[in-house]
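What follows is each chain in one-letter form.
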Amino acid sequence: MNTFLLENGKDLLVKSGEHLTISALALGLGILFAVPLGIFLTRTPKLANIVIGFASILQTVPSLALLALMIPIFGVGKLPAVVALFIYSLLPILRNTYIGVKEVDFDLTDSAKGMGMTNLQSIRLVELPLSMPTIMAGIRLAAVYVIAWTTLASYIGAGGLGDFIFSGLNLYRTDLILAGTIPVTFMAIIVDFLLGLLEKKLTPIQEKGD
């Protein structure tokens, strides 16, 4: 193990950085797009079924097939990988945002309106904080998915820890496979833990006490 780290330690750090960067960009774009869209869909229930249904269909496309479909549009490298993983991150975040905001007690939103809050203020001060546990559950699930699926980005030249895994499979070397899978596993666990801490920080006090 020490010999492997001496020979490949620098490459392992580089690949881990690439993996984390691709995952973070895809997840960040997913959050920026899916959370506002999920909130908007709570105001348009008829459109919600269509949009969430379409996102569900995208989720069923095999990951390798989706990555391959990105190549004619974006070429090879990190950009098509980020776009494909962004698409995969949408459904858990979108669905949980929609469900979380939709299930906020009507009496609370009605009271907010009675206090003179605008629709935007009601979302920011009442609905988002109360639905945060559900939204964060979707983000945490998407984060784990994206980190795992980023290994496949190696197939289109995006780099990341998948390079170790596929090199190990091609060369029948267990050490290379483990060098890719173990960091990916720890990365997913650590990111999920950190997002859990963020969830607690963003959750209103009354929710914590339930």
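Refer to the structure printed above.
As the structure is a prediction and not an experimental result, all values here were calculated from the model. (Residues numbered from 1 in each chain as written. Predicted model: local features only at pLDDT ≥ 70, side-chain atom pairs only at ≥ 80, totals over all residues. Heavy atoms only, no water.)

**Q** I keep staring at the overall build of the protein chain and nothing clicks. Help me out?
**A** Within the protein chain, the regular secondary structure consists of nine helices and zero strands. Going from N to C terminus, the protein chain has its helices and strands arranged as α-α-α-α-α-α-α-α-α. Overall, the protein chain is about 65 × 40 × 20 Å in size when its C-alpha atoms are taken along their principal axes. A burial count over the protein chain gives 44% of its 210 residues as buried. For the protein chain, long-range pairs separated by at least 24 residues make up 75% of all intrachain contacts whose partners lie at least 6 apart in sequence. For the protein chain, the accessible area works out to roughly 11500 Å², and carbon and sulfur atoms hold 69% of it. Treating the 14 positive side-chain charges of the protein chain as one cloud and the 14 negative ones as another, the clouds have centres 5 Å apart. (Helix = DSSP H or I, 4+ residues; strand = E, 2+ residues; numbered from the N terminus. Buried < 20%, exposed > 50% of the residue type's maximum accessible area, 1.4 Å probe, protein only. Contact = heavy atoms within 4.5 Å. Areas by Shrake-Rupley, 256 points an atom, 1.4 Å probe, with all protein chains shown as cover. Lys, Arg positive; Asp, Glu negative; His and termini not counted. Charge placed at Lys NZ, Arg CZ, Asp CG, Glu CD.)

**Q** Could you clarify how one ought to interpret the packing of aromatic side chains in this entry?
**A** For any pair of aromatic rings, the description rests on two quantities: the centre-to-centre distance and the angle between the ring planes. Per the stated rule, a full pass over the model turns up four aromatic pairs. With a centroid separation of 5.9 Å and an interplanar angle of 80°, the aromatic rings of Phe33 and Phe86 are classed as edge-to-face. Here the residue Phe33 occupies a position in helix α1 (residues 2–42), and Phe86 occupies one in helix α4 (residues 78–102), the gap between them amounting to 53 residues. We classify Phe33 as partly exposed; its relative accessible area is 44%. (Phe/Tyr/Trp six-rings, centres within 6.5 Å; stacked < 30°, edge-to-face > 60°.)

**Q** Can you walk me through the packing of helix α5 (residues 106–114) against helix α6 (residues 119–149) in this structure?
**A** What describes two packed helices is the angle between their axes and the distance between those same axes. Where α5 contacts α6, the axes come no closer than 10 Å and their chain directions differ by 165°. As the angle between them shows, α5 and α6 are arranged roughly antiparallel. Regarding α5 and α6, the two cross each other, and that crossing is right-handed. Facing Leu108, Thr109 and Ala112 of α5, the residues of α6 in contact are Ser122, Val126, Glu127 and Leu130. Taken together, the residues that form the contact of α5 with α6 break down as four nonpolar, two polar and one charged. (Axes fitted to C-alpha atoms, helices over the stretch in contact; angles between N-to-C directions. Parallel < 35°, antiparallel > 145°, perpendicular 65-115°, else oblique. Left-handed = near helix turned anticlockwise from the far one by under 90°. Nonpolar A, V, L, I, M, F, W, Y, C, P; charged D, E, K, R; others polar.)

**Q** Help me understand helix α7 (residues 162–171) in this model?
**A** What sets the pattern is the α-helix's 3.6 residues per turn: residues three or four places apart point alike. Inspection of α7 places Gly162, Phe164, Ile165, Phe166 and Gly168 among the buried residues, and these make up the whole buried set. Among the residues trailing α7, Tyr172 stands out with phi positive, at a value near 55°.

**Q** Explain unusual backbone geometry here, please?
**A** Keep in mind that most residues, glycine aside, have a negative phi and that most peptide bonds are trans. In the Ramachandran plot, Tyr172 falls in the positive-phi region, its phi being about 55° despite a non-glycine side chain. With respect to the secondary-structure elements, Tyr172 resides in the loop between α7 and α8 (174–202).

Function-wise, these values are silent; they only describe arrangement.
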